[in-house]
Amino acid sequence: MSERTHPNTCDLCGGTHFDVISSTDRHGQPLTTGICTRCGLIAHLPVPDEAEVADYYASRYRRDYHGERTPSDRRVMRAWNNAARIHRQIGPHLAPGARVFEIGAGIGCTVKTFEQHGFAASGIEPNTDFNRYTRERLHAEVENRNLFDLQATPQFDTVLLIHVIEHFASPSRALSHIHGLLHDDGLLYVECPNVAAPFATFGRLFHYAHIYNFAPETLEQLAAKCGFTLVKRFTDEAHPDIRMLFRKSAPAQPAIPEGQAERILQAVRRFGTAGYHLRPAYLGRRIAKLTGYAWEYLYAPWFVRRLLARMRP
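Residues numbered from 1 in each chain as written. Predicted model: local features only at pLDDT ≥ 70, side-chain atom pairs only at ≥ 80, totals over all residues. Heavy atoms only, no water.

What to know about helix α7 (residues 216-225)
Here is step 1: The complete set of buried residues in α7 reads P216, T218, L219, Q221, L222 and A223.
Here is step 2: Among the structural elements, α6 (171-181), β9 (182-193), β11 (228-233), β12 (241-248) and α8 (260-269) are those in contact with the buried residues of α7.
Here is step 3: In the stretch just after α7, G227 is the one whose phi turns positive, near 100°. (Buried < 20%, exposed > 50% of the residue type's maximum accessible area, 1.4 Å probe, protein only. Helix = DSSP H or I, 4+ residues; strand = E, 2+ residues; numbered from the N terminus. Contact = heavy atoms within 4.5 Å.)

Encoded structure:
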């Protein structure tokens, strides 16, 4: 596809040349997605402004993305189990009693999990739909606020961004703001989809809620630009999610290797529909997921009843 100049400026490298790689979202609705021809960062064209993004996440996101205003038992159980996995991964890297802060805390399960393991855990969530459940059922310390409402002064030891960075209008602005929230040598944990894995067939990769689509190298380079040094990667190149732990450091302009954009685009497009679905890794995950669905429907109500019985203000 031919290169074009666009009013977007790449959030990673500052480039203004993009290739349009898709014109529809995962549901076949119009959505233009492009790749920066210099660094390979993939994003909407054009990127929506901050006000539009803030309005969407405050009022529509949970209903559009999850179809729920109150979390189902299955969703709560998944979120709690995911929080336990995150604690197992990064808990050993944290000092006892560290101040842990989650941005985009959702239901609040991760905040509550870290609190129950002795950390001073809190968070913010811009959407209002799950707030009542978070406050009244989980008793998690999650405020209905936006990241940029917070004064960027050092106040936390660790910040969590779990499937959130892809939703910002400017991830570099968000990471720079988070840099200001962390104490010296503070930690930043990031999870997001790995567009280079990929995590879906090409026709189902892009949707309105994910403004940016990261490969491992573009996420690491963006973090370096905003003042974060990689501590540990918890997933490999083939995993559908990127999971990385960073440490606060001095900002550094990343070196972008020649041909990075081409390599990322080849990775994104390397599977056709048949090839994607016939991969052994996909088949194994799919079978496990379908088996798990039946178990979840039966087990989740019991799990959540027991969980909520243990929650205290």
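Thoughts on the state of the cysteines
Here is step 1: If you walk through the whole model with that rule in mind, you get 0 disulfides.
Here is step 2: C36 forms no disulfide, and the closest cysteine sulfur to it belongs to C13, at a distance of 3.5 Å.
Here is step 3: Classification of C36 as buried rests on a relative accessible area of 0%.
Here is step 4: There is no disulfide at C39, and the cysteine sulfur nearest it, in C10, is 3.5 Å away. (Disulfide = S-S within 2.5 Å.)

Side note on unusual backbone geometry
Here is step 1: The omega angle of the peptide bond from L45 to P46 is -5°, so this bond is cis rather than trans.
Here is step 2: Tracing the backbone shows P46 in the loop between β4 (42-44) and α1 (50-59).
Here is step 3: Phi angles above zero are rare outside glycine, and H139 is one such case at about 55°.
Here is step 4: Position of H139 relative to the elements: it lies in the loop between α5 (131-138) and β7 (142-143).
Here is step 5: Looking at H139, the relative accessible area reads 25%, which means it is partly exposed.
Here is step 6: Positive phi is not limited to glycine here, since H163 has a value of about 55°.
Here is step 7: One can find H163 in the loop between β8 (156-162) and α6.

Structural notes on the sheet that holds β11
Here is step 1: The strand order β7-β6-β5-β8-β9-β12-β11 describes an open sheet built from 7 strands, whose pairing is mixed. Where the open sheet ends on each side, the last strands, each with one partner, are β7 and β11.
Here is step 2: The strands that helix α4 (residues 109-116) touches are β5 (99-103), β6 (120-124), β7 and β8; relative to β6, the one it contacts most, it runs at about 170°. (Pairing = 2+ DSSP bridges. Axes fitted to C-alpha atoms, helices over the stretch in contact; angles between N-to-C directions.)

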